[in-house]
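Residue strings, one per chain:
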Amino acid sequence: MNFNFSSCAIRPFKWLLLAASIAFLFTNVASAQLKLEEGEDIKVNTFWGWKDGVIVEVGKSKQYLVEYYFGSSPKQEAFHRNQLRKLYEFQAMDFARIWKSSAGTFEIEAALKLVKTTDDVVLLKPDLSEITVALDKLSKRDQQYVKKFKRNFDRAVAAGQIPAPWPKLPEIESFADTSFSSSKAFDTSKLELQPFGKLPSYLREFKHQGVGFRMTRPRQELVSAIAVGGPEQLVLVNGREGNFFNKGVMFQSQLYWLSMKQKKVTASVAVANEDYALDYDPRTKYLLTFNEEEFARDNEEPHHLTIWKLGFGETDIEPVIRWNISSRFPRFGDLKFGKIINENIVLTKGERHEYIGWDISKKEIAYTIRTESFFDAPVRLTGDRRYLIVPEDGRLSIFDATNGDFVMGTQVDARHVSGANVNADGTKLAAVTEKDIFVWDLESRRPEPDRYSAPLIGSPFESTIDFIDDDKVLVDGFSNRVLFSLRLGVPLWTYKTENPFFDDDPLVNYVSNGIVFYTDQDFFRSQNVAVGAVELPGPQVEELTANIQPEDLMIMKPGVAVSIELNNVDSAATVEGWLKEEIAENGWVYDPNAEIVLKGEMGIGPSQSVQYSSSGAFGRDKDVTTVNFRPHYSSLKLMRGKQIIWQSGTQSGAPPVITGNDNQIQSRINSFQKPNVQFFKRVEIEAELIDPKYSRGFGVSKLGKRGIEVVSATPPGREDDPLAAQKEFEKEREKAIEDRKKIGGDETEGSGSNDPNSNVEGGNNAGGR
């Protein structure tokens, strides 16, 4: 089940000093460069980019002395005419020239603005007015100039030497917020389940395929790969290039129509610079892009969304509407969730715990859904784009994404639901928690789910869960994905990607119709890109797991001897009594000399700091208060030697929002820091726990340029202390992200613990995140 991606040898790229628009590469094409006059205001291409200047003196051989400002200091320097532009030339594709009619009876000074079609050109006059002229009405010399210019221009665009033109953008609008009274809440009277959200046929066309291709420019950043489907098995891949390295040159963001069937790029489309694609809907032919100004200044555009009209696999693209989302922009990183619901509604992630339905026809916020998920678990949209699946604390909620109405819900026997999803037919609903996987049969409408103990792959924070088929689900871990068999109730296999940087990015790594889509690059900002669509479980998995007997894999089961060890625990005798009751309820045997030990501990952790900020204009931080605290923690671990079989814990912390002056904030934070003995009474441990040796299945496969390959056919096991390993992994990953972006990390509000009373309680297991 392997496939080879086509590869492209990296050729040397000749760097060019480019202008700040799509103009001016072909100075040899222009029939003449109009002379500049002393005192004329112009644009000058300096080492520091394009600057406003004025002609001080006209020299020989097209040399001009120019005065311009560098910072606050005037500077005079000699430039060739090639480096200077008349003000209206700066908005055109080439230098101004004298254009003549075919009869020789008319002439005009203008610059080429656009080759509109093969028959028409748009000319820009000195007063910035535009005229459209039929090509056959111009002189033969002008016609030859246009044809040669267009031919060279198209070649340069295809080679990535100059930016491609994109359509003129509409002004950014601000939508009215009419959603306050429309905020939805969980309705406990609507608990009846029913089938919903069937995947459309065009998304069921994909097969096990892989395609490699070369992006136009080496500085394009791969940001999304959207499975579109259809007979050609299209994927819309998006490369974005910012202006940071280009001295103000606005290179386009580029879309590539990738046919998985033909194994090649069939077309490319230019969209506005720095936009990146969030979603494409073949039904409405809408494309949704997001533009985040990373280095925003007062005179620059705000964070905004754009809807474009783009045909299925086509290249003609037209912007429909752009709107400002700065006031409802997520605080934590880039926008990753944005979906086109229908021709009117666009749904995006807002602030923490918030999802916003934008009505682009009425230009208003139609509804706001505020979730009750402490860790802000990720939501999922069903394949038909109709329903939003919302994991919450102790329940699942389903909303109608067209209007924000609550549709149905169900209680979940867990404190936090970290992820949820529906199968392709809309007949099964799954939820994952820190300890279990729950599956509801929606066709039977039975409210009680099937419950599967999965204490070594779930997360108390954020997870994704995807149906591969009716028996197997793929659940993400902090550094891998684990395939879990519902029939057997055990993990089967671990999957890793060749490029782990993309692992947690839902725009380039996701599951659709049981097929895993992923992307790969040779290295950061490499032009060589691979897109894979892989069918699981892959080679050797079924053969190696065919004869599994789940009971043989359990390290904890009735009859196993367990001892107790307490360290610095308040009311130790009482706590020991609670733990002996838990041992007896599980059918284990208490033995003070047993190898397997139930270890309880309480203490005060190292000092932490948290910042609280009030927002100034445009969402900027106005006042920042930093407070320090030392959290109290309680932990319980089931251990064999140094190996942690199971663990859970709780820790005091700081709330995400708090008001008052500096002294009041510090006092209130201190009031949250209290020991928690009751944790040992409330905590529950599964009676049967799988041996950590099998906690990630019976082998490891890698997803990369060659498709899916078996790395190891033996159980991978896991770290002795997976949470400590997780922290190290996250630290290394954050450093990699910082190095990759070449800029500082994201700013967050309320850093540190967000839960004033508990971070994790009741089963943050050894496989937790």
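In what follows, the structure referred to is the one given above.
Given the structure is predicted, the values throughout are model-derived calculations rather than measurements. (Residues numbered from 1 in each chain as written. Predicted model: local features only at pLDDT ≥ 70, side-chain atom pairs only at ≥ 80, totals over all residues. Heavy atoms only, no water.)

### Examining the overall build of the chain
Item 1. In terms of helices and strands, the chain carries 6 helices and 50 strands.
Item 2. Within the span of the chain, comprising 769 residues, buried residues form 54% of the whole.
Item 3. The long-range share in the chain, meaning contacts at least 24 apart out of those at least 6 apart in sequence, stands at 59%.
Item 4. Surface summary for the chain: the accessible area is close to 33,900 Å², and the carbon and sulfur share equals 47%. (Helix = DSSP H or I, 4+ residues; strand = E, 2+ residues; numbered from the N terminus. Buried < 20%, exposed > 50% of the residue type's maximum accessible area, 1.4 Å probe, protein only. Contact = heavy atoms within 4.5 Å. Areas by Shrake-Rupley, 256 points an atom, 1.4 Å probe, with all protein chains shown as cover.)

### Some thoughts on unusual backbone geometry
Apart from glycine, the bulk of residues carry a negative phi angle, and the bulk of peptide bonds sit in the trans form.
Item 1. Between Leu-536 and Pro-537 the backbone carries a cis peptide bond, its omega angle lying at 15°.
Item 2. The topology assignment puts Pro-537 in the loop between β39 (528-535) and α2 (541-545).
Item 3. One non-glycine residue with positive phi stands out, namely Leu-128, at about 70°.
Item 4. Along the chain, the position of Leu-128 falls in the loop between β8 (120-124) and β9 (130-134).

### Side note on the sheet that holds strand β22 (residues 345-349)
Item 1. Read across the open sheet, the 5 strands follow the order β11-β24-β23-β22-β21; overall the sheet is mixed. With one partner strand each, in any of the chains shown, β11 (176-177) and β21 (338-340) form the two edges of the open sheet. (Pairing = 2+ DSSP bridges.)

### A word on the pattern of salt bridges
Item 1. The final tally for this structure, using the stated rule, is 32 salt bridges.
Item 2. Among the ionic pairs, Asp-279 bridges to Arg-385, the shortest N-O distance being 2.5 Å. Of this pair, Asp-279 sits in strand β17 (residues 276-281) while Arg-385 is found in the loop between β25 (380-381) and β26 (387-392), placing the two residues 106 residues apart along the sequence.
Item 3. Its relative accessible area of 3% is what places Asp-279 among the buried residues.
Item 4. Through salt bridges with shared partners, a single ionic network connects Asp-177, Arg-328, Glu-354 and Arg-370. (Salt bridge = Lys/Arg side-chain N within 4 Å of Asp/Glu carboxyl O.)

### Focus on the side chain of Asp-376
Item 1. Its place among the elements puts Asp-376 in the loop between β24 (364-370) and β25.
Item 2. If sequence neighbours within four positions are ignored, Asp-376 has contacts with Lys-349, Arg-352, His-353, Thr-371 and Glu-462.

### A short note on helix α1 (residues 140-158)
Item 1. Its 19 residues place the ends of α1 27 Å apart at the C-alpha level, agreeing with the 27 Å of an ideal helix rising 1.5 Å per residue.
Item 2. Within α1, burial applies to Asp-142, Gln-143, Tyr-145, Val-146, Phe-149, Asn-152, Phe-153, Ala-156 and Val-157.
Item 3. Where α1 is buried, its residues contact β6 (96-100), β7 (107-114) and β8. (Expected span 1.5 Å × (residues − 1).)

### Section: the pairing of strand β30 (residues 428-433)
Item 1. Burial of β30 is extensive: 5 of the 6 residues sit out of reach of the surface.
Item 2. The pairing of strand β29 (residues 417-422) with β30 spans 5 bridges and is classified as antiparallel. Paired with Ala-420 across the two strands is Ala-431, which belongs to β30.
Item 3. Between β29 and β30, which pair antiparallel in sequence order, lie 5 residues; one of them, Gly-426, sits at a positive phi of approximately 70°.
Item 4. Where β30 and strand β31 (residues 436-441) come together, 5 bridges link them in antiparallel fashion. Looking at β31, one finds that Leu-429 is bridged to Trp-440.
Item 5. The turn linking β30 back onto β31 is made up of 2 residues.

### Description of the sheet that holds strand β10 (residues 172-173)
Item 1. Taken together, 5 strands build an open sheet; the order of strands is β10-β20-β19-β18-β17 and the sheet is mixed. Where the open sheet ends on each side, the last strands, each with one partner, are β10 and β17.
Item 2. In this sheet, strand β20 (residues 317-324) lies alongside β10 in parallel orientation, the contact comprising 2 bridges. What sits directly across from Ile-172, in β20, is Arg-322.

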